[in-house]
Amino acid sequence: MLIAFAGLAYYFSAKSRKAEYLERLEYRARSIANVIIEDGNVKVDLLRKLDRTTFQDLYKETILVYNPGYDLLYSNLKDTTIRTNPALLAYIKENNLYSYDKGNGEVVGVYYTEGTVSVIVIVSSFDKYGFQNLQNLRQILLIELLIAIVVLVGVGYFFARKMVQPIDKLVEQVDSINANNLQDTQVAVKGKDEISKLGANFNTMLQRLSESFHLQKSFVSNASHELRTPLAAIISQLQVALSKDRSHEEYVTLLASLLEDAENLSDLSNGLLQLAQSEMRQEGFVGSDVRIDELLLEMPTLIRLKQKNSSKVDIHFVKVPDNDMLVTCHGNENLLKVLFLNLIDNACKFSENNTALVTIDFFTQYILIQIKDNGIGIPPIEINKIFEPFYRGQNALQIRGHGLGLSICKKIVQIHNGHITVTSSPTEGTTFTVMLPHL
C-alpha cells in the first residue's frame, strides 16, 4: 500500500509538471509571435534585438520562426544547421498547436495569426528545475518509504506479539492438561474477543470430557465390582462342593444355586451390553415406524418369560386413537422393547402383587406412557440418583438387580428425543412417565 501511494504521488507529480511546462512553452511561443508581428509585418529584427538585450527565460531554449510557406525567418541557434520536417510544420499549421517530448526536453509549436499575417513559432526547452524537483521528490519518497516500512515492521511485530500472547498462553495451558488433571483444570478466560470465546468453548469441552472420564471410571469400577460378586459366589460354591463327596439332593441344591448366580451374571452382562448400545449415537441405529400400543401388548408374555412367575401387566387406553399415527413412534424397535421391558419388569418386581399398571395416552406431539407399581416407593433424597448407572436405593437392596435398567431407559428415551420422569410415594408406589414424539 505504501509503495502504491508513493508511486501514485510521483506519477501525478510528473504529469502535473509536464502539463504545466507545456502550458508555459505555449504561452512563450504565443508571446514571441505577438511581439514580432507589428503593423501587418513580421519584424524579426526586433526579436533579435530583444534576444541580445534580455536573458532567456527558459533553460536551453530554442526558438524557431517560420512563415506559412515554411521558410525559416528566425532562429536563436548559431552555427547550427536547422532541419525541421515539413510534415511537422504542416501539422502545426493545420491544427494550430502541437506539442511533443524529445530527448532533451519538451517542444511546443503554435500557428499564430494576427490580421493577415501568420507565423509558425516552435519553442523547445528543458525543464531543469521541474525535473530536479521530481528527482528530489523521488528521493524523499524513497527515504520516507524505507523509514515507514521499518517502523511498520517494528510496530506490526509488536502488536502481532501482543495479539498472539493469549493464544500462546492458551496453548501452554492446553499442553499441561492430561488425563490425571482433566477434572480440575480450566484455561483462563478474559475479555470478550474471539480468543476468550475459544477459551470458554474449550472449558466447556473440558467439562464434558471430565464428566465422560468420570462416568467411564465409575462404570468400570462398578461393573468390575458387580461382575466379581456372582463370579466369586460361583467359585466359592464349586470349591465347597469339590471339598468332599455330596449326596444327590445336595448336588441338586448346589446346581440350582449355581444356576441362579449364572442367571444373575447373564442379566448383568446383558445390562452392560444394553447400556453400551444405548450410549451410541442415534445415527448408528436404523429407525422404523413402531406402534407403541402393539409393542406394549407384547410385554405380558415377555415379562412372564423373564420372571418365570405369576407377574401381571394391566394395559389401559385413556382414549382410543382415531389415527394409528397418534400411537406410532419413529425409532428403533429393539431399544424401545428394552425400554418398556425394564420399566415394566421393575414395576412387577416392586409391586406387592407383582402387577404393573400401564396406561397409554396421546397429545398433539407426544405419546404418553405411564408405568405404575404399588410397591415401597423411592425416598425423596434418592429420586434424582436412580438414573445413574449401578445406583440402587437403600430400600431395594434385598431385591435382585444391578441398578442398570433405569440408566438404560433414560438413554434410550433421549435417543428417541423423548422425556422420562418419575414420581413416587411410600403409600401409592412409583410411577414412571415416558413421552415419545409420534408421527
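As recorded in an unreviewed UniProt entry, the protein goes by the name histidine kinase, listed as coming from Chitinophaga silvatica. Per UniProt, the protein has the following entry under Catalytic activity (unreviewed entry): "ATP + protein L-histidine = ADP + protein N-phospho-L-histidine." In the Subcellular location (unreviewed entry) part of its UniProt record, the protein is described as follows: "Membrane".

(A) Molecular detail of the packing of aromatic side chains. Using the criterion set out here, one finds seven aromatic pairs in the structure. One aromatic cluster is present, built from ring pairs that chain together Tyr59, Phe126 and Phe131. Note that lysine 319 overlies the ring of phenylalanine 362, its terminal NZ or CZ placed 4.9 Å from the centroid. Sitting over the face of the ring of phenylalanine 363, lysine 319 holds its NZ or CZ atom 5.2 Å from the ring centroid.

(B) Representation of the pairing of strand β5 (residues 97-102) in the model. One ladder, built from six bridges, connects β5 with strand β6 (residues 105-114); its direction is antiparallel. Bridge pairing in β6 links aspartate 101 to glutamate 106. Remark: two residues form the turn of the hairpin made by β5 and β6, two consecutive strands paired antiparallel.

(C) View of the pattern of salt bridges. For the coordinates displayed, the defined rule picks out 12 salt bridges. Between aspartate 293 and arginine 291 there is a salt bridge, with its nearest N and O atoms 2.7 Å apart. By relative accessible area, which is 8% here, aspartate 293 ends up buried. Lysine 312 is the salt-bridge partner of aspartate 314, the closest N and O atoms lying 4.0 Å from each other. Note on aspartate 314: relative accessible area 24%, which makes it partly exposed.

(D) Structural detail: the environment of glutamate 260. In this structure, glutamate 260 sits in helix α6 (residues 248-278). According to the relative accessible area criterion, glutamate 260 is partly exposed, its value standing at 48%.

(E) Geometry of the nonpolar core. Formed by 40 residues in total, the largest nonpolar core has its most connected members in Ile292, Leu296, Leu339, Phe340, Leu343 and Ile344. Looking at this core, the elements that each hand over two or more residues are α7 (292-297), α8 (299-307), α9 (333-350), β11 (355-362), β12 (366-372), α10 (405-415), β13 (419-425) and β14 (429-437). With 10 residues, α9 is the largest single contributor of residues to this core. When residues no more than four places from it in sequence are discounted, the contact partners of isoleucine 344 are Leu296, Met299, Ile303, Val313, Ala356, Val358 and Ile371. In this structure, Ile37, Tyr74, Val119 and Val121 belong to the second largest nonpolar core, which totals 21 residues.

(F) A look at the sheet that holds β14. On the basis of which strands lie adjacent, the open sheet formed by five strands has the order β9-β11-β12-β14-β13 and mixed pairing. With one partner strand each, in any of the chains shown, β9 (312-317) and β13 form the two edges of the open sheet. Sheet twist, expressed as the mean angle between neighbouring strand axes with direction ignored, is 15 degrees. Pairing between β11 and β12: six bridges, direction antiparallel. Residue pairing for β12: aspartate 361 is matched across the bridge by leucine 368. With respect to the sheet, α10 is in contact with β13 and β14, its orientation differing from that of β13 by roughly 140 degrees.

What counts and how
- Residues numbered from 1 in each chain as written.
- Predicted model: local features only at pLDDT ≥ 70, side-chain atom pairs only at ≥ 80, totals over all residues.
- Heavy atoms only, no water.
- UniProt positions renumbered as here; feature names shortened; annotations may be inferred.
- Phe/Tyr/Trp six-rings, centres within 6.5 Å; stacked < 30°, edge-to-face > 60°.
- Lys NZ or Arg CZ within 6 Å of the ring centre and 35° of its normal.
- Pairing = 2+ DSSP bridges.
- Helix = DSSP H or I, 4+ residues; strand = E, 2+ residues; numbered from the N terminus.
- Salt bridge = Lys/Arg side-chain N within 4 Å of Asp/Glu carboxyl O.
- Buried < 20%, exposed > 50% of the residue type's maximum accessible area, 1.4 Å probe, protein only.
- Core = buried A, V, L, I, M, F, W, Y, C linked by side-chain atoms within 4.5 Å.
- Contact = heavy atoms within 4.5 Å.
- Axes fitted to C-alpha atoms, helices over the stretch in contact; angles between N-to-C directions.

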